[in-house]
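# What the coordinates show
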Amino acid sequence: MGQALTRWRQLSGVQKKQLVLLGVALPVTGGLIRMLGFKRTSALFERLGGQRSLHAATPQDLHDAEALAQLANIAGRRGPVQATCLRQAVLLQAWLRHRGLDAQLRIGVQKTAGAVDAHAWVELEGVPLAQPNLSHRPFPQ
């Protein structure tokens, strides 16, 4: 608990707010996916985000998106309810699109020791966010 508190104190005020919001929104996102399904939940988030024109990400946008994706990973692991990568990716994509960024949700698989492992993540300008060791191959769009 001591390390977690130390890391919490190191976050900026904005990051603390984002982490709390993610911790609340991830279980809601999971509930929506279970009730409505993936496609309907994604469509709902698109409508709630408003009609924004998407623009290319600046280097600062990429930096901020990476930091937000890392916070989503933390909230997914440490929040009140553990959130799957799909829940995290759906919420992160919606958040970035609300900011006017053309974030793309990717779903991919890899085969390890005969077992198939699926994974979801978000890419911005072709860069996978908060995925340092990504070995999954995305499905074609």
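Residues numbered from 1 in each chain as written. Predicted model: local features only at pLDDT ≥ 70, side-chain atom pairs only at ≥ 80, totals over all residues. Heavy atoms only, no water.

### As for the packing of helix 4 (residues 59–78) against helix 5 (residues 85–98)
Between helix 4 and helix 5, the shortest axis-to-axis distance is 10 Å and the interhelical angle comes to 145 degrees. Two packed elements cross with a definite hand, and for helix 4 against helix 5 that hand is right-handed. Note on element contacts: helix 5 touches helix 4 through Gln88, Leu92, Trp95 and Leu96, opposite Ala65, Leu68, Ala69, Ala72, Asn73 and Gly76. Of the residues contributing to the contact of helix 4 with helix 5, the split by class is 7 nonpolar, 3 polar and no charged. (Axes fitted to C-alpha atoms, helices over the stretch in contact; angles between N-to-C directions. Helix = DSSP H or I, 4+ residues; strand = E, 2+ residues; numbered from the N terminus. Left-handed = near helix turned anticlockwise from the far one by under 90°. Contact = heavy atoms within 4.5 Å. Nonpolar A, V, L, I, M, F, W, Y, C, P; charged D, E, K, R; others polar.)

### Description of the layout of surface pockets
The computed volume of the largest pocket comes to approximately 330 Å³. Grouping the constituent residues of the lining of the largest pocket by class yields 9 nonpolar, 2 polar and 3 charged. Of the pockets and cavities examined, the second largest pocket occupies roughly 190 Å³. If you trace the second largest pocket, you find it lined by Phe45, Leu48, Gly49, Leu91, Ala94, Trp95 and His98. For the lining of the second largest pocket, the secondary structure elements donating two or more residues are helix 3 (38–48) and helix 5. A per-class count over the lining of the second largest pocket returns 5 nonpolar, 2 polar and no charged. (1 Å grid on protein atoms, 1.4 Å probe; cavity = no way out; pocket = protein on both sides within 12 Å on 5 of 7 lines; lining within 4 Å. Points joined across faces, edges and corners; volume = space filled by probe spheres on them.)

### Focus on unusual backbone geometry
One non-glycine residue, Ala113, lies in the positive phi region at around 50 degrees. Along the chain, Ala113 falls in the loop between strand 1 (104–112) and strand 2 (115–124). Judged by its relative accessible area of 85%, Ala113 falls in the exposed class. Unusually for a residue other than glycine, Glu125 sits at a positive phi of about 55 degrees. Relative to the helices and strands, Glu125 resides in the loop between strand 2 and strand 3 (127–128). (Buried < 20%, exposed > 50% of the residue type's maximum accessible area, 1.4 Å probe, protein only.)

### A closer look at empty space enclosed by the protein
Empty space among the atoms becomes visible once a probe the size of a water molecule is rolled across them. Scanning all chains against the criterion turns up 1 cavity of 30 Å³ or more. Considering only enclosed or pocket space, the largest cavity measures out at about 30 Å³ in volume. Contributing to the lining of the largest cavity are Ser42, Phe45, Glu46, Val90, Gln93 and Ala94. When contributions to the lining of the largest cavity are tallied by element, the ones reaching two or more residues are helix 3 and helix 5.

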